[in-house]
Amino acid sequence: MQLSVAVRDGPAMQISAFIVEDEPDVRAILVEAMEEITPMRFVGHAETERDARQWLCEHGDDWDLVIVDLSLSEGSGLGVLVNCGNRKPNQKVVVLTSFSLSNIANRCLQLGADQVFDKGEDVEKFVLYCREHARRLSGLEPLH
C-alpha cells in the first residue's frame, strides 16, 4: 500500500478514527500517513473482531470514522460491520481491504459499510473520502 496524495487542504474538523487492522506494519504506515495528509487522529485500534467489537461497545461516541480490514487474525471484518449498525448518522464506517471482488463489496455495503476501498487501487479515493467526511463534520459540506 502506497500513500502519495498532496497535503491536506482547507480547514476541517479533525476526525477521530478507529482502525481494525491485524498487520502491524500496514497499520503503522496507514496511521502515520493518514494523520499527516488528512485531518485525522487515531483514537484506537484492534487486531481482532472481538477486540474491535469490545472497543466500539465501550466507546460508542468516541469516533467519527471506523476503518475495517476484512481479513483479520481472529474473526472477520464483516462481524465488525454488523457491530457498527447502531451508530449516529455522522459516524462513518469504511472497509479498506485487499479483497476487490464486487460480491464482497456488495456484502459489506449490505452490512452497513458506507464505502469499500481496495488497498491497492483506491488509496487516493480513500484519502479524498476522509477529507470530505472531515469537511462535512465541520459544516463545510452537507452531511450525506
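Fair warning: this is a prediction, and the values are worked out from it, not measured in the lab.

Draft legend 1. A look at the packing of aromatic side chains. Evaluation of the coordinates by the stated rule reveals 3 aromatic pairs. Ring centres of phenylalanine 18 and tryptophan 55 lie 4.0 Å apart, and the angle between their planes is 10°; this geometry places the pair in the stacked category. Residue phenylalanine 18 is found in strand 1 (residues 15–20), and its partner tryptophan 55 is found in helix 2 (residues 49–58); the two are separated by 37 residues along the sequence. Residue classification places tryptophan 55 among the buried positions, given a relative accessible area of 14%. Summarising the aromatic geometry, the rings of phenylalanine 117 and phenylalanine 126 are spaced 5.5 Å apart at their centres and angled 65° between planes, so their arrangement reads as edge-to-face. Three or more aromatic residues joined by ring pairs make a cluster, and in this case those are Phe117, Phe126 and Tyr129. We note arginine 136 situated over the ring of tyrosine 129; from NZ or CZ to the ring centre the distance is 5.7 Å.

Draft legend 2. Inspection of helix 5 (residues 123–137) at higher detail. Helix length check: helix 5, at 15 residues, gives a terminal C-alpha distance of 21 Å against a target of 21 Å (1.5 Å per residue), a fit within 8%. All of the buried residues along helix 5 are Val123, Phe126, Val127, Tyr129, Cys130, Arg131, His133, Ala134, Arg136 and Leu137. Residues of helix 5 that are buried make contact with strand 1, helix 1 (24–37), strand 2 (40–46), strand 3 (65–68), strand 4 (92–97) and strand 5 (115–118). Following helix 5 by one or two positions, glycine 139 has its phi on the positive side, about 85°.

Draft legend 3. A look at the pattern of salt bridges. Under the defined criterion, the tally for this structure stands at 8 salt bridges. The salt bridge partner of lysine 119 is glutamate 21, with a shortest N-O separation of 2.8 Å. With lysine 119 in the loop between strand 5 and helix 5 and glutamate 21 in the loop between strand 1 and helix 1, the pair connects residues that are 98 residues apart, well separated along the chain. On the basis of relative accessibility, which here comes to 3%, the residue glutamate 21 falls in the buried class. What you see here is one network of salt bridges that share partners, running through Glu21, Asp69 and Lys119.

Draft legend 4. Summary view of the sheet that holds strand 1. Strand order in the open sheet formed by 5 strands is 2-1-3-4-5, with parallel pairing between adjacent strands. The outermost strands of the open sheet, each flanked by one partner alone, are strand 2 and strand 5. Neighbour-to-neighbour, the strand axes of the sheet open up by a mean angle of 25°, direction not taken into account. In this sheet, strand 5 lies alongside strand 4 in parallel orientation, the contact comprising 4 bridges. By the bridge assignment for strand 5, valine 94 is matched with glutamine 115. Its contacts with the sheet put helix 1 on strand 1, strand 2, strand 3 and strand 4, and the angle it makes with strand 2 is roughly 160°. Helix 2 contacts strand 1, strand 2 and strand 3 of the sheet and is inclined by roughly 155° relative to strand 1.

Thresholds applied
- Residues numbered from 1 in each chain as written.
- Predicted model: local features only at pLDDT ≥ 70, side-chain atom pairs only at ≥ 80, totals over all residues.
- Heavy atoms only, no water.
- Phe/Tyr/Trp six-rings, centres within 6.5 Å; stacked < 30°, edge-to-face > 60°.
- Helix = DSSP H or I, 4+ residues; strand = E, 2+ residues; numbered from the N terminus.
- Buried < 20%, exposed > 50% of the residue type's maximum accessible area, 1.4 Å probe, protein only.
- Lys NZ or Arg CZ within 6 Å of the ring centre and 35° of its normal.
- Expected span 1.5 Å × (residues − 1).
- Contact = heavy atoms within 4.5 Å.
- Salt bridge = Lys/Arg side-chain N within 4 Å of Asp/Glu carboxyl O.
- Pairing = 2+ DSSP bridges.
- Axes fitted to C-alpha atoms, helices over the stretch in contact; angles between N-to-C directions.

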